[in-house]
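Structural characterization, general
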Amino acid sequence: MTSPLLAASGLRFRYPGAARPAVDEVDLSVPEGALVGVIGPNGSGKSTLVRLLLGALEPDRGEIRLLGRRLSSWRRRELARRVGVVPQNESVTFPVSVREFVAMGRYPHLGPWRTEGPEDRDAVERALARCDVEDLAGRAFATLSGGERQLARVARALAQEPDLLALDEPTVSLDVRHEMEIYELLRELVAGGTTVLLVTHNLNAAARYADRLLLLHGGRARAEGTPAEVLTRETVEEVYGWPVRVVPHPGPGPDEGAPQVVALAGGDGGHAPSEGERDR
Amino acid sequence: MRRLLLLALVAAAALVVAVIVGPVSLAPGRVLDAALGDAGATATTIVRGIRLPRAVLAALVGAALSLSGASFQALLRNPLAEPYILGVSGGAAVGAVTSIVLGWTAAGGWVLPLAAFAGATAAIAVVLRIAAAGGMGLDTRVLLLAGVVAGAFFNAVIFFLLTFAEAETFRSAVFWMMGGLSGADWDAVVVVAVGLVPAALLLMGLARSLNLLAVGEETALFLGTRVELAKWVVYLTASFLVAAAVSVSGAIGFVGLIVPHAIRLLWGSDHRFLLPASLLLGAAFLPLADTLARTAAAPSEIPVGVITALVGVPVFVLLLVRRPPGPRRGMGRTEGP
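What you see as residue numbers is a count from 1 along each chain, following the sequence as written. Chain letters and ligand numbers both follow the written order, the letters beginning at A and the numbers at 1. Residue-level local features of this predicted model are given only where pLDDT is at least 70; pairs of side-chain atoms are given and counted only at 80 or more, and the full residue set underlies all totals for whole chains, interfaces and linings. Note that water and hydrogens are dropped before the side-chain values are worked out from all heavy atoms of the structure.

1. Quick notes on the overall build of chain A
Strands here are runs of E lasting at least two residues and helices are runs of H or I lasting at least four, both read from the DSSP assignment and numbered beginning at the N terminus. Helices and strands together make up the secondary structure of chain A, namely 10 helices and 13 strands. The globule rule is 2.2 Å times the number of residues to the power 0.38, and the radius of gyration it is compared with is taken over C-alpha atoms. Its C-alpha atoms give chain A a radius of gyration of 20 Å, within 12% of the compact-globule value 19 Å for 280 residues. Principal-axis analysis of the C-alpha atoms places the extent of chain A at approximately 70 × 40 × 40 Å. Here chain A holds 280 residues, and the buried ones make up 52% of them. Of all intrachain contacts in chain A linking residues separated by at least 6 positions in sequence, the fraction that spans at least 24 positions is 63%. Here chain A displays about 12,300 Å² of accessible surface, and carbon together with sulfur accounts for 49% of that area. The average position of the 34 basic charges and that of the 40 acidic charges among the side chains of chain A differ by 5 Å. With a 1.4 Å probe rolled over the protein chains alone, any residue whose accessible area is under 20% of its type maximum counts as buried; one over 50% counts as exposed, and the rest are partly exposed. The contact criterion used is simple: two residues touch if any of their non-hydrogen atoms lie within 4.5 Å. Note on areas: Shrake-Rupley, 1.4 Å probe, and residue coverage restricted to the protein chains presented here. Working convention for charge: Lys and Arg count positive, Asp and Glu count negative, and His plus the chain ends are omitted. Charged side chains are reduced to one point each, which is NZ for Lys, CZ for Arg, CG for Asp and CD for Glu.

Next up, the structure:
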């Protein structure tokens, strides 16, 4: 087996003034060509972990290697040619067209005074086509719907032509169709050789699309493995504190049989209902 | 590129107009002779000693204010940002008014600009000290807040000083604060030019970083920008550029706000184009505004800041309401999902 594209071991990070570390003794390995999902409840350290992995935060302890090289030794621009990111919070202050927005993905490939060449323009057009937003290229980014914006953000990250694509909650507040479009796009990208790191609240989508999952709880890794290994009823109930059932996806589709978490109604949030209660 | 050439031509034309038109009427041919030194002594003095340095200084100050305004708007992610928003002009005014009130200005024409520049530098240092006090780098929201409150404090200091000033001192202090180019000479031109050239190169070199910072600091980081370094360089460069401009001309308002937005409305917000275009349009706008200021009520002079607002604001509003319909250039801030 080849060495993983991105590997972290013993990561710990505490925000200044915080009582406990936001991320504590976490190991993670992202193999080349895989889709790895990071899941966990609110405040479990998902976003902090991803910020550490992307070099936006410095870990207090532990080591991160990208392509075998220590992350801290990468220059920002070098890193941005290898790792594309779709961040969670962004706002556009001034009017900018979708094409201009996606073309920002080429900046890491340009020097401060060099203008875009044909290969840069090709990369932008390919990214627009890949995300099916060519028709929107002339529109102002601000006028797009939430789903279209998210596709444009993914297109910008693809214009970077990255080896690793990282997405932080890419489908929050999207409708079913746009959500599925994003996940299907990720599946296609992985099939084409891109490695994807996905942070999400959506357990079921993660279970359907990820090769491996890391479940965080209180800053620590609670479970790691294939979706079927991680998403068991026992683990999910313990981590989320809510009664659930885990059922196989009914299909049809390539992900038929993937574990799907169904939260039960009528629970009190603290305990799973007993077998007898469920059977009534 | 063609648009920049067009703007450069407009700026050159504005410069010519500013030299030809004045309270003393001189035919364009005589102005040219005087510029070359072939006219009479009076005409030569008017053109070479008064109009030419004043027009050139107006162009440089207009360029400096527009360039720093555009930079601050991106850095602070705030379309309302203008060159004076971070208290630089307030600090400069404290320096200038102090030197006027204490009578230091009698020592020579260089005292006032120097005092203003010292005040502006002190303001930059104070605001920076407050903004960076948190320890986690330069937080632009704190920077904005620090700049605005520091500006309010400087205003209070100025009015405190003026409370004890003689009528004549009061008058010259207030005139300085309104801004104007009547003190223009070749020394001032050299000072601003020496500041403007490297500042413009530095800011234009950071144009892509500004594009990214306008979207978000994390985005900028993930697209290869050394965010903290870029923010510091933009802040300090734009601030010292403003300090140089304010020192020689006082706080001329509206230019730094209106010019970048006019370019945005006409041609979009890519800073690689926006910065040089703002520089050139600023260099065209202020000499023209100053020409009006000199001639409209001759022999008295209207403060040029009044002209920039009286003329600039309606023109800007016209652009704003006549902007092409449709979504291409929707203005305003939109939050991501």
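2. Some details on the pattern of salt bridges
Here a salt bridge means any side-chain nitrogen of Lys or Arg lying within 4 Å of a carboxyl oxygen belonging to Asp or Glu. Per the counting criterion, the structure on display carries 31 salt bridges over all chains. With its nearest N and O atoms 3.1 Å apart, the salt bridge here joins Glu116 of chain A to Arg272 of chain B. With Glu116 of chain A in the loop between helix H3 (98-103) and helix H4 (118-130) and Arg272 of chain B in helix H13 (residues 271-295), this pair bridges two chains. Taking the relative accessible area as the measure of exposure, Arg272 of chain B reaches 25% and is therefore partly exposed. Asp255 of chain A is the salt-bridge partner of Arg208 of chain A, the closest N and O atoms lying 2.6 Å from each other. With Arg208 of chain A in helix H7 (residues 203-209) and Asp255 of chain A in the loop between strand S12 (244-248) and strand S13 (259-263), this pair connects stretches of sequence that are 47 residues apart. Given the relative accessible area of 22%, Arg208 of chain A is considered partly exposed. Accessibility expressed as a relative area gives 7% for Asp255 of chain A, which makes it buried.

3. Here we look at the pairing of strand S6 (residues 83-86) of chain A
All names here are of chain A. A two-sided burial pattern is seen for S6, the buried positions comprising Val83 and Val85 on one face and Gly84 and Val86 on the other. The sheet contact formed by S6 and strand S8 (residues 164-168) spans 4 bridges and is parallel. Bridging from a neighbouring strand, Gly84 pairs with Leu165 of S8. Only when DSSP finds a minimum of two bridges between them are two strands counted as paired.

4. A short note on the packing of helix H3 (residues 41-75) of chain B against helix H11 (residues 227-249) of chain B
Residues and elements named next belong to chain B. Where H3 contacts H11, the two axes come as close as 9 Å, and the packing angle between them is 150°. Taken as axis vectors, H3 and H11 run roughly antiparallel relative to one another. The two elements H3 and H11 cross, and the hand of that crossing is left-handed. Together, Leu57, Val61, Ala64, Leu65, Leu67, Ser68, Ser71, Phe72 and Leu75 of H3 and Lys231, Val234, Tyr235, Ala238, Ser239, Leu241, Val242, Ala245, Val248 and Ser249 of H11 make up the contact between the two elements. Note on method: axes are straight lines fitted to C-alpha atoms, helices fitted across the in-contact stretch only, with angles between N-to-C directions ranging 0 to 180 degrees. Comment on the angle field: the value is read as roughly parallel under 35 degrees, roughly antiparallel over 145, roughly perpendicular from 65 to 115, and oblique elsewhere. Crossings are classed by handedness, with left-handed meaning an anticlockwise turn of the near helix from the far one by less than a right angle and right-handed meaning a clockwise turn.

5. Describing the packing of aromatic side chains
The aromatic pairing rule takes the rings of Phe, Tyr and Trp, using the six-membered ring of Trp, and pairs them if the centres are within 6.5 Å, calling planes under 30 degrees apart stacked, those over 60 edge-to-face and the rest tilted. Counted by the stated rule, this structure contains 7 aromatic pairs over all chains. Both rings, one in Phe117 of chain B and one in Phe240 of chain B, keep their centres 6.2 Å apart while their planes meet at 40°; by these two values the pair is tilted. One end of the pair, Phe117 of chain B, is in helix H5 (residues 111-131); the other, Phe240 of chain B, is in helix H11, and 123 residues separate them in sequence. Given the relative accessible area of 32%, Phe117 of chain B is considered partly exposed. Where Phe153 of chain B meets Phe154 of chain B, the ring centres are 6.4 Å apart and the plane angle is 65°; that geometry is what we call edge-to-face. Exposure remark for Phe154 of chain B: the relative accessible area of 12% places this residue in the buried category. The criterion is that NZ of a Lys, or CZ of an Arg, lies within 6 Å of the ring centre and within 35 degrees of the ring normal, and then a charge sits over that ring. Here Arg208 of chain B stacks its cationic end above the ring of Tyr107 of chain A, 5.5 Å away from the centre of that ring. Of note, Arg264 of chain B hangs over the ring of Phe94 of chain A, and the distance from its end group to the ring centre comes to 3.7 Å.

6. Quick look at the sheet that holds strand S9 (residues 195-199) of chain A
The strands making up a sheet associate through backbone hydrogen bonding, with each pair oriented either parallel or antiparallel. Residues and elements named next belong to chain A. Spatial ordering of the open sheet is given by S6-S8-S9-S3-S10-S11, a layout of 6 strands whose pairing is mixed. Both outer strands of the open sheet, S6 and strand S11 (220-225), are each paired with one neighbouring strand and no more. Averaged over all adjacent pairs, the angle separating strand axes in this sheet is 15°, with direction ignored. Set on the sheet, helix H6 (residues 176-191) makes contact with strand S3 (35-39), S8 and S9; between it and S9 the angle comes to about 150°.

7. Some words on the sheet that holds strand S2 (residues 23-30) of chain A
All names here are of chain A. One open sheet accounts for 4 strands, arranged S2-S1-S4-S5; its pairing is antiparallel. The outermost strands of the open sheet, each flanked by one partner alone, are S2 and strand S5 (69-70). Bridge count for strand S1 (residues 6-13) against S2 is 5 bridges, and the pairing is antiparallel. Paired with Leu6 across the bridge in S2 is Val30. Relative to the sheet, helix H1 (residues 46-53) contacts S1, S2 and strand S4 (61-66), its axis offset from that of S1 by approximately 120°.

8. Quick look at the environment of Leu53 of chain A
Residue and element names in this part refer to chain A. The residue Leu53 is located in helix H1 in this model. The class for Leu53 is buried, based on a relative accessible area of 3%. Residues Leu53 and Glu234, 181 residues apart in the sequence, show an inter-C-alpha distance of 29 Å.

9. With respect to helix H9 (residues 233-240) of chain A
Quick reminder: α-helices carry 3.6 residues per turn. Residues three or four places apart thus point the same way. Along H9 of chain A, the residues that are buried comprise Thr235, Val236, Glu237 and Val239 of chain A. Positive phi shows up at Gly241 of chain A, right after H9 of chain A, with a value of about 65°.

10. Remarks on a nonpolar patch on the surface
Residue and element names in this part refer to chain B. On the surface, a cluster of nonpolar side chains totalling about 390 Å² of accessible area is made up of Leu292, Val306, Leu310, Val311 and Val315. For the nonpolar patch, the leading source of residues is helix H14 (residues 304-322), giving 4 residues. Inspection of the secondary structure puts Val311 in helix H14. Judged by relative accessible area, Val311 falls into the partly exposed class, the value being 34%. Distance thresholds for patches are 9 Å for like charges and 5 Å for nonpolar side chains (Val, Leu, Ile, Met, Phe, Trp, Tyr), applied to residues having over 30% relative accessible area and no salt bridge.

11. Topic: H6 of chain A
Residue and element names in this part refer to chain A. Counted at 1.5 Å a residue, the expected span for H6 with its 16 residues is 22 Å, and the 22 Å between its end C-alpha atoms agrees. Among the residues of H6, those classed as buried are His178, Glu179, Ile182, Tyr183, Leu185, Leu186, Leu189 and Val190. The buried residues of H6 all sit within an arc of 150° when viewed along its axis, so they share a single face. Facing away from the buried side of H6 by more than 90 degrees, the exposed set consists of Val176, Arg177 and Ala191. Each element contacted by the buried residues of H6 is listed here: S3, H4, helix H5 (146-159), S8, S9 and H7. Where H6 terminates, the next one or two residues include Gly193, which has phi positive at roughly 105°. Multiplying 1.5 Å by the helix residue count minus one yields the expected span of that helix. By definition, the arc is the one covered by directions from the helix axis to the C-beta atoms.

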